[in-house]
Amino acid sequence: MDTKMLDTGSKDAISWLPREVLGDILSRVPTKLAASTSLLSKKWRNVFALVHNLDFDDSDLLQPEEDEEERGVMRESFKDFVDRTLALQCGSYIKKFSLKCHIHDDKSKLAHVVRWVCNAVERGVFQMDLSIKTCFHALLPSELFTSKTLVKLRLGTQISFEGLPPNVSLPALKILILESVLIPPDDLCYVLLPGCPVLEELYVYHDGFEGWPYRISSQTIKRLLLHYDEFEIDFMSFMSIDAPNVLFMDYSHYALPDYPQVNLESLVEARLDIQYTKIIERPDLTGLIMGISNVQTLHLSPNTVDVISGCVRHGLLLPVFNNLVSLSFGSKNKEGWELLPYLLEQSPKLETLIIQGIDSYTGDVTMIPSQVKVLRVVGYGGTAKELENVKKFIGESECLEVVLA
């Protein structure tokens, strides 16, 4: 087959592509590299105005040998780069705006962040990712919380807000990610979430940072991830979740004294990783366990099993899990394994049982009820002890499919 090469004369083939295509190509490379093309010619300056993904990261300017104090300073060169880049775009549409910066030397520099965020909001940004590490209370413009176009918003990292504007209105927001963000206790529940009428996914992470809030309320979210780690809690701490339309929940936390309201009536799948803390000697998971009793697929980490078994010893009565068909269960001690027969008894429709840590199993009788059709053993190493424990689980079951993985 004959092929005919494109005759581009003295120009390169890329330059012949439509401006919109060139703009899309530049949107896929680092902003610093894309911005450098504006130096080539007037045409490329016009092309750069069509770049719809902007990613600014002040760590690109840091050197490995710099100490922590130097790393907390926003460089003038970084500020100038962001200003020049935004000016080159002449107010064109932005799809994604990402900003990562450190401000520990001068609170007034937060004004630059406010200005850049406003620029992106005014240009109809769809997705915004802000990671601002600062020792000051974060100052973000009210315009960010009244964007009509924002679909995905990520706020972080290790920043504190004195308060949110009372008129939050994010009518298009579907995904909200809060990563180590300290918000006044009621602002998320009563200000931010009510202003997101179509929100579908909520992610709250606290890693090495004080973990507010303890109250989640939304009638629209379908996917909920709550991960709390390394923060101060006390005997007054609690967690309430009022989210009747959540289908999937991943909850990692310390065991708390109280779960006064857990409304998850539509829950299909839940992953729990709850662990003890020295501060709370007698946690009470009653509200949490009752609130997830409609679940169909349940993953319990060994830490969670340890806490639940402790609560059972202190009087917790497990509900009947009438919809549960798949259970993932792991334990590290005898007390945890003693919980399994009780949990199986409360799960009349269970079909698949997934076991973690079979080598630590301490039981001596068959526990698999007849309705369970599949036993999956994860982390199986093929040792004699593991094989012996698997045989204990199987017992005389004839219709049980065993999968060793």
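Quantities reported herein were computed from a predicted structural model and do not represent experimental measurements. (Residues numbered from 1 in each chain as written. Predicted model: local features only at pLDDT ≥ 70, side-chain atom pairs only at ≥ 80, totals over all residues. Heavy atoms only, no water.)

Student: Kindly report on unusual backbone geometry, identifying the contributing residues and their values.
Tutor: Where the residue is not glycine, phi is negative for most of them; where a peptide bond is considered, it is trans in most cases. The linkage connecting Gly156 with the following residue, Thr157, adopts the cis geometry, with an omega of -10 degrees. One can find Thr157 in the loop between strand E4 (152–156) and strand E5 (159–160). Even without being glycine, Ser180 reaches a positive phi, approximately 50 degrees. (Helix = DSSP H or I, 4+ residues; strand = E, 2+ residues; numbered from the N terminus.)

Student: An account of the environment of Asp250 is needed here, citing residue identities and associated values.
Tutor: As for its position among the elements, Asp250 is in strand E12 (residues 248–254). Along the sequence, Asp250 and Ala270 sit 20 residues apart, while their C-alpha atoms lie 5.8 Å from each other. The contact partners of Asp250, leaving out residues within four places of it in the chain, are Leu224, Leu225, Leu226, His227 and Arg271. A polar contact is formed between the side chain of Asp250 and the side chain of His227, at a distance of 3.2 Å. (Contact = heavy atoms within 4.5 Å. Polar contact = N/O pair within 3.5 Å; in protein donor to acceptor, adjacent residues only side chain to side chain.)

Student: Would you mind going over the nonpolar core in detail, with residue names and values included?
Tutor: One finds Phe97, Met128, Leu144 and Leu327 to be the most contacted residues of the largest nonpolar core, which totals 102 residues. Ranked by residues supplied to this core, first place goes to helix H6 (residues 110–122) with 6 residues. Beyond its immediate stretch of four places on either side in the chain, Leu144 contacts Val117, Val121, Met128, Leu130, Leu150, Leu153, Leu155 and Leu170. (Core = buried A, V, L, I, M, F, W, Y, C linked by side-chain atoms within 4.5 Å. Buried < 20%, exposed > 50% of the residue type's maximum accessible area, 1.4 Å probe, protein only.)

Student: I'd love a proper account of the environment of Leu316, names of residues and values included.
Tutor: Following the sequence through the fold, Leu316 ends up in the loop between helix H9 (302–313) and strand E16 (326–330). Given a relative accessible area of 7%, Leu316 falls into the buried group. In the structure, Leu316 is positioned 32 residues away from Asp284 in sequence and 8.1 Å away in space, judged by C-alpha atoms.

Student: Give me the lowdown on H9, citing residues and values where you can.
Tutor: Counted at 1.5 Å a residue, the expected span for H9 with its 12 residues is 16 Å, and the 17 Å between its end C-alpha atoms agrees. The set of residues buried in H9 consists of Thr304, Val305, Val307, Ile308, Ser309, Gly310 and Cys311. Where the residues of H9 are buried, they touch strand E14 (269–275), helix H8 (286–291), strand E15 (297–300), E16 and helix H10 (334–345). Count one or two residues on from H9 and you reach Gly315, which has phi positive near 115 degrees. (Expected span 1.5 Å × (residues − 1).)

Student: So what's going on with the packing of aromatic side chains? Residues and values would help.
Tutor: This model, assessed by the stated rule, comprises 6 aromatic pairs. Measuring from ring centre to ring centre gives 6.0 Å for Phe78 and Trp116, while their planes differ by 85 degrees; the resulting arrangement is edge-to-face. With Phe78 in helix H5 (residues 76–88) and Trp116 in helix H6, this residue pair connects regions lying 38 residues apart in the sequence. In this structure Phe78 comes out as buried when scored by relative accessible area, which is 2%. Aromatic side chains Trp337 and Tyr361 sit 5.2 Å apart centroid to centroid with 85 degrees between the ring planes, which places their arrangement in the edge-to-face category. Residue Trp337 is located in helix H10, and its partner Tyr361 is located in the loop between strand E17 (352–356) and strand E18 (374–378); the two are separated by 24 residues in the primary sequence. Here the aromatic cluster, defined as three or more aromatic residues joined through ring pairs, consists of Phe56, Phe81 and Phe97. (Phe/Tyr/Trp six-rings, centres within 6.5 Å; stacked < 30°, edge-to-face > 60°.)

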